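The primary structure of each chain is shown beneath.
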Amino acid sequence: KHLFGPAWALQFSAFYRDVALQVGARYFAVPGGPVALRYAHEAQASTAGFEFSLIHADGEERRVEAHYTWMQAWGYESRPEGDPYGPLRGDRAAPLGETPLSWDRRHSILISGSWRRDRWSVAWSSAVGSPLPWTPKPRREALTDLALVNSRRFQWTETTNLSLRWSPPRVLGLSLSLEGRNLFDTRGERAATVDGYPNPVINTVYDDYGAYRTETGLAGGAYWTNGGGGSPRWIPVHDPRLLNPPRTMRASVGRRW
């Protein structure tokens, strides 16, 4: 960290972390019985990167920060239970090598600031992130090509939060505030699929959401139907869990005593 004066500072940091013997799901053949899923200390993960930060602080009234982070995260699995699709009992291929983890965001930019004067205060933050990875899946088939795990990427995402606060005069301790999250209502994708529990078929036996995005390139998830007399087709469900939360606005009134 280097100080350019009482108000400006530039900071650089590098990080690396290696985690071995993580809990992961593996299949074991029981003598004289079926292949069973067990937990074993056979997974591992690593992350490395660096961050640049530029900070301007003018007392308690004004502060502006800008951060850029480059990161790479890789390993055998992104979740301890492994791929949650398919039968609970049955033989599956074990990971052959390290792949990007589900939170492997290569580039992140964050700009935040706050301003306070008299009875007013304003604070905001804007974050821009490079695409997260996801795994393409075949329709109504088990994934056998493990080289496809987290091999594709979503789009860039942006999130801006804003907070305003005002304390009116001659009213001791009273404050009025307005807060907006995801101010520009950016509905970027956060995942391609979710676990289908407790549904016994959709996103449980097979990864329908993942196959739908693989075939159509559309977000929101869908399930495959043979038509019931019609032609086989995808039925979109527009699952909100796959997208970032929408814009929310909140107004509040408070008083301190």
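Coordinates for the structure precede this section.
Residues numbered from 1 in each chain as written. Predicted model: local features only at pLDDT ≥ 70, side-chain atom pairs only at ≥ 80, totals over all residues. Heavy atoms only, no water.

A.B. asks: Residue-level account of a nonpolar patch on the surface, with values.
C.D. replies: Where nonpolar side chains cluster on the molecular surface, the patch consists of Phe4, Trp8, Leu10, Phe12, Phe52 and Leu54 and spans about 610 Å² of accessible area. Looking at the nonpolar patch, the elements with two or more residues in it are strand S2 (8-29) and strand S3 (35-58). Counting residues per element, the nonpolar patch draws most heavily on S2, which supplies 3 residues. Within the secondary structure, Phe12 sits in strand S2. For Phe12, a relative accessible area of 47% translates into the label partly exposed. (Patch = residues over 30% accessible without salt bridge, like charges linked within 9 Å, V, L, I, M, F, W, Y side chains within 5 Å. Areas by Shrake-Rupley, 256 points an atom, 1.4 Å probe, with all protein chains shown as cover. Salt bridge = Lys/Arg side-chain N within 4 Å of Asp/Glu carboxyl O. Helix = DSSP H or I, 4+ residues; strand = E, 2+ residues; numbered from the N terminus. Buried < 20%, exposed > 50% of the residue type's maximum accessible area, 1.4 Å probe, protein only.)

A.B. asks: For helix H1 (residues 208-216), give the residues involved together with the corresponding values.
C.D. replies: For H1, the full list of buried residues reads Asp208, Tyr209, Gly210, Ala211, Tyr212 and Arg213. Those residues of H1 that are buried lie in contact with strand S8 (133-134), strand S12 (222-225) and strand S13 (233-236). Sitting at the amino-terminal end of H1 is Asp207, which places a side-chain oxygen 2.9 Å from the backbone nitrogen of Gly210. Following H1 by one or two positions, Gly217 has its phi on the positive side, about 75 degrees. (Contact = heavy atoms within 4.5 Å. Polar contact = N/O pair within 3.5 Å; in protein donor to acceptor, adjacent residues only side chain to side chain.)

A.B. asks: Pulling in residues and values, what's your account of the side chain of Ser46?
C.D. replies: Note on placement: Ser46 falls in strand S3. A polar contact is formed between the side chain of Ser46 and the side chain of Asp18, at a distance of 2.5 Å. Apart from the residues lying within four places of it in its own chain, the contact partners of Ser46 are Tyr16, Arg17, Asp18, Gln72, Ala73 and Trp74.

A.B. asks: Break down the nonpolar core for me, citing the residues and quoting the values.
C.D. replies: Counting residues in each nonpolar core, the largest one holds 5 residues, listed as Ala211, Tyr212, Ala222, Trp224 and Trp234. At the level of secondary structure, the elements contributing two or more residues to this core comprise H1 and S12. The residues contacting Trp234, other than those within four sequence positions of it, are Arg139, Asp208, Ala211, Tyr212, Glu215, Thr216, Ala222, Tyr223 and Trp224. (Core = buried A, V, L, I, M, F, W, Y, C linked by side-chain atoms within 4.5 Å.)

A.B. asks: A description of the environment of Ala192 should follow, citing residues and the corresponding values.
C.D. replies: Note that Ala192 resides in the loop between strand S11 (174-181) and H1. A C-alpha to C-alpha distance of 6.6 Å links Ala192 and Tyr209, two positions 17 residues apart in sequence. Residue contacts for Ala192: discarding those within four places in its chain leaves Trp134, Phe154, Tyr209, Gly210, Arg213 and Leu242.

A.B. asks: Please provide a residue-by-residue account of the packing of aromatic side chains, values included.
C.D. replies: Evaluation of the coordinates by the stated rule reveals 9 aromatic pairs. Relative to Trp166, the ring of Trp120 lies with its centre 5.8 Å away and its plane at 25 degrees, an arrangement referred to as stacked. Here the residue Trp120 occupies a position in strand S7 (residues 120-129), and Trp166 occupies one in strand S10 (residues 157-166), the gap between them amounting to 46 residues. For Trp166, a relative accessible area of 29% puts it in the partly exposed group. Taking 5.6 Å as the distance between ring centres and 65 degrees as the angle between the ring planes, the aromatic pair formed by Tyr212 and Trp234 counts as edge-to-face. Highlighted residues: Tyr212 in helix H1 and Trp234 in strand S13, separated in sequence by 22 residues. For the residue pair Tyr212 and Trp234, the accessibility class agrees, reading buried in each case. Linked through ring pairs, Phe12, Phe50, Phe52, Tyr68 and Trp70 together constitute an aromatic cluster. (Phe/Tyr/Trp six-rings, centres within 6.5 Å; stacked < 30°, edge-to-face > 60°.)

A.B. asks: Describe in detail the pairing of S10, supporting the description with residues and values.
C.D. replies: Two strands pair when backbone bridges link them, and S7 and S10 are joined in this way by 10 bridges, in the antiparallel orientation. Its bridge partner being in S10, Ser121 is matched across the sheet by Arg165. Of the pairings in the sheet, the one linking S10 to S11 comprises 5 bridges and is antiparallel in character. Residue pairing for S11: Ser163 is matched across the bridge by Glu179. (Pairing = 2+ DSSP bridges.)

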